[in-house]
Amino acid sequence: MRIRAKRVNIVRALTGLVSATKTNKAVSCPLVCLCLIAFSVTPAAAEPKITFYRDGALLRQEAGAAKGVINIPLPATLLEHSLTIVPATGTTILSVETYRTESGKAVDKELETLAEQRRRLEDRLQALETREAIFTSAAKSQSGKAPRKTKANPDPMQTIRQGTDFAIAQLESVYTARRRTTQEIQRIDTRLAAVRKRSRSAGESLRITVVPPRGSVTLRYATAEHGWQPHYNLYLARDGSAQLKLSARMTGSTHGSQARVSSGSLDESATAETFPVRSASVLLASYRLPMTEEQYTGGITNQFSGTITNTSPHYLQPGESGLFRRGTYLGSFVFEGLSSGRSRTVSLGR
């Protein structure tokens, strides 16, 4: 209603301005054009804002209603109890419900089918165990019989061998069937894991009912998505120290959103420093750390070892690291992570 009232006021002002133009040549035409441009501009929806922390991500998203309803798909990695919905000024939230879409129902049906197939295979395994016990007993019984020659059985040894061979052949078929059944169960378990993984993202959404019909809300929630991986560059100095630079190599999707990254955790989101994401790698921090017991051997192959101490107040996560000496790149090694106040030997080519 406020927007409509403003537009009505603008239209009235433009009408008066046009009338004044006809009677007063002092009113310039460019001024009228500027007013028309301002009138035609409509506010654009804000981009979602996402901040990637070392153990998850925080997302802030604005959403507008159509006929009083807002439908938002939920991410598969949504952390439980992290969702907050804030109504805009003049908007009232009437209800919030989670529902399954048609694709989600199809995934549920696929899960039920696979589970039923697995139960049938388990029944087959139980039946095969029973058959195995029967034919194992039969083979033992045949091999343990004392040969007795009769008119009906002139060659008892051949009869015993035939009975034993038959029982063993049946056991072989049981073992083959059990192996194939076990492999089929493993394949179904793999499919079940994949379907469960996409189950939530395939069909769980949020329906928010608001007034007025074109009201809006802001959603805030956390996910378990790890949107970046730590990468280091270790620069050796000549004074018993080294400079360790921590960068974030982005792995999460930032398309269509205002993305930032932080080396802190989700629990530290209120105070942790964040940095805007403008490329595939973001420099997060640089530390000057003591480096002792250095041993370097050059030549055809580069070899280095040294003890580094984390004198910073932060935990340094594991990650790949490049090694530089006097500005020259020597190679890469795995930095295994280091707690504050602890020391660790790092090495290259040893």
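**A closer look at the packing of aromatic side chains**
In this description, a pair of aromatic rings is defined by centroid distance and the angle of the planes. Applying the stated rule across the entire model yields 3 aromatic pairs. Counting every residue linked through ring pairs, the aromatic cluster contains Tyr235, Phe324 and Tyr329. The positively charged end of Arg207 is found above the aromatic ring belonging to Tyr99, 4.0 Å away from the centroid.

**Brief notes about the environment of Tyr232**
Tracing the backbone through its elements, the reader meets Tyr232 in strand S8 (residues 228–236). For Tyr232, a relative accessible area of 1% translates into the label buried. It is 9.5 Å that separates the C-alpha atoms of Tyr232 and Leu283, two residues lying 51 residues apart in sequence. Excluding residues within four positions of it along the chain, Tyr232 makes contact with Leu244, Lys245, Leu246, Leu316, Gln317, Pro318, Gly319, Glu320, Ser321, Gly322 and Phe335. A distance of 2.6 Å separates a polar atom in the side chain of Tyr232 from the backbone oxygen of Gln317.

**Topic: the confidence of the model for the protein**
Note that predicted coordinates carrying low pLDDT should not be read in detail. When pLDDT is averaged across the protein, the result is 81; 77% of the residues are at 70 or more. Per-residue pLDDT stays below 50 along residues 1–8; that stretch engages in 2 contacts with residues further than four places along the chain or on separate chains. Per-residue pLDDT stays below 50 along residues 20–44; that stretch engages in 12 contacts with residues further than four places along the chain or on separate chains.

**Here's the deal with unusual backbone geometry**
Residues other than glycine predominantly adopt negative phi, and peptide bonds predominantly adopt the trans conformation. Pro212 follows Val211 through a cis peptide bond whose omega is 0°. Counting through the fold element by element, Pro212 comes out in the loop between strand S6 (204–211) and strand S7 (216–223). A positive phi angle, near 65°, is found at His81, a position not held by glycine. Tracing the backbone through its elements, the reader meets His81 in the loop between strand S3 (69–73) and strand S4 (84–87). The phi torsion at Glu293 lies on the positive side, around 55°, for a residue other than glycine. Looking at the element boundaries, Glu293 is found in strand S12 (residues 281–297).

How each quantity is defined
Residues numbered from 1 in each chain as written. Predicted model: local features only at pLDDT ≥ 70, side-chain atom pairs only at ≥ 80, totals over all residues. Heavy atoms only, no water. Phe/Tyr/Trp six-rings, centres within 6.5 Å; stacked < 30°, edge-to-face > 60°. Lys NZ or Arg CZ within 6 Å of the ring centre and 35° of its normal. Helix = DSSP H or I, 4+ residues; strand = E, 2+ residues; numbered from the N terminus. Buried < 20%, exposed > 50% of the residue type's maximum accessible area, 1.4 Å probe, protein only. Contact = heavy atoms within 4.5 Å. Polar contact = N/O pair within 3.5 Å; in protein donor to acceptor, adjacent residues only side chain to side chain. pLDDT = per-residue confidence, 0-100.

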